[in-house]
Amino acid sequence: MAKTGPAKGAKPKLSRADKKLARAAKRAQRRESFRNIRQAFKITREQDPKFLPVMVIATVLAAAAVFVIVFLITGSVYLPIPLALVVGLVVAMFVFSRRAQRSMFAQAEGQAGAAGWMLKQQLRGDWRLTEAVAGTTQLDAVHRLVGRPGVVLVGEGAPHRVRGLLAQEKKRTARVVGETPIYDITIGTGEGDVRLSRLNRYLLKLPANLSKDEVGTLEKRLAALGGTRAVGLPKGPMPPGAKMRNVQRSVRRRS
């Protein structure tokens, strides 16, 4: 009688060594996650003095409210305890994530490369991003988004230089996209600027002017303008201690 092989789609059996490596990889991943959470907690506590008191008060109030409600419904003293603990933990994690995000944006705001990093890592919605379609050796940059609203040009850097970059890029883009709406915004804290923490909210409020098929066609037409032209810009917000002069020198060498 012929031996039947392994069923189609069945996962091959791992050897003992492979299982050991897989377990080690999972442990390393968990350690990395815990390390990131601990680091985020530490940074948030340093940047936001109200973070810990707000989290503790919100957690205690939420847990107490659940305990009282469940106790009044069931009359049991023990049944509300696990539910109150779970709700308290969820509220604590929610407060932590929101305050950590706020501290992260506050720390990144004003740093070179912050807008590009935010668009790449934190952007919500169906957008096609092309980073640094224009830039200068002073680390000013313009990023291009293509989506249902049309084309959005996002500028970051010194306002007097970014305005010129945005105007030039808007003219270049208009030659290709025709009557498609083009929005240009500057990331900053001045009058008429959009704060980094509110960029997602601003983009979500833009009207849907194009269909999904039109967005794909528009993206192909914009490919004629080329991709990234600003070489050597930071991949994320520059650390506060980084020397701008050294970074600018390396940008000039690469460009």
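Residues numbered from 1 in each chain as written. Predicted model: local features only at pLDDT ≥ 70, side-chain atom pairs only at ≥ 80, totals over all residues. Heavy atoms only, no water.

*Asks:* Can you tell me about the overall build of the protein, naming the residues and giving the values?
*Replies:* Regarding its fold elements, the protein presents 8 helices and 4 strands. Reading the protein from its N end, one meets helices and strands in the order α-α-α-α-β-β-β-α-β-α-α-α. Out of the 255 residues in the protein, the part that is buried amounts to 32%. Contacts spanning at least 24 positions in sequence make up 62% of the contacts within the protein whose residues lie at least 6 apart. (Helix = DSSP H or I, 4+ residues; strand = E, 2+ residues; numbered from the N terminus. Buried < 20%, exposed > 50% of the residue type's maximum accessible area, 1.4 Å probe, protein only. Contact = heavy atoms within 4.5 Å.)

*Asks:* Report on the pairing of strand β1 (residues 128–135), specifying residues and quantitative values.
*Replies:* Bridge count for β1 against strand β2 (residues 141–147) is 5 bridges, and the pairing is antiparallel. Of the residues in β2, the one forming a bridge with R128 is V146. (Pairing = 2+ DSSP bridges.)

*Asks:* Let's hear about the packing of aromatic side chains: which residues, and what values?
*Replies:* Counted under the stated rule, the structure contains 4 aromatic pairs. On the numbers, 5.3 Å between centres and 70° between planes, the contact of F41 with F51 is edge-to-face. Of the two residues, F41 sits in helix α1 (residues 16–47) while F51 sits in helix α2 (residues 51–74), which places them 10 residues apart along the sequence. Residue F41 is classed as partly exposed on the basis of its relative accessible area of 26%. With relative accessibility at 0%, the residue F51 sits in the buried group. An aromatic cluster is built from F41, F51 and F96, whose rings are joined through pairwise contacts. (Phe/Tyr/Trp six-rings, centres within 6.5 Å; stacked < 30°, edge-to-face > 60°.)

*Asks:* Provide a residue-level description of the nonpolar core, including the pertinent values.
*Replies:* If you look at the biggest cluster of nonpolar residues, it comprises 18 residues, and the most contacted ones within it are L145, V152, V154, I187, L196, L199 and L203. Elements with a minimum of two residues in this core: α4 (114–121), β3 (150–156), β4 (182–187) and α6 (199–204). Here the element with the most residues in this core is α4; it accounts for 5 residues. By size, the runner-up hydrophobic cluster in this structure holds 16 residues, among which are A134, V142, L222 and L225. (Core = buried A, V, L, I, M, F, W, Y, C linked by side-chain atoms within 4.5 Å.)

These results come straight from atomic positions and should not be treated as a statement about function.
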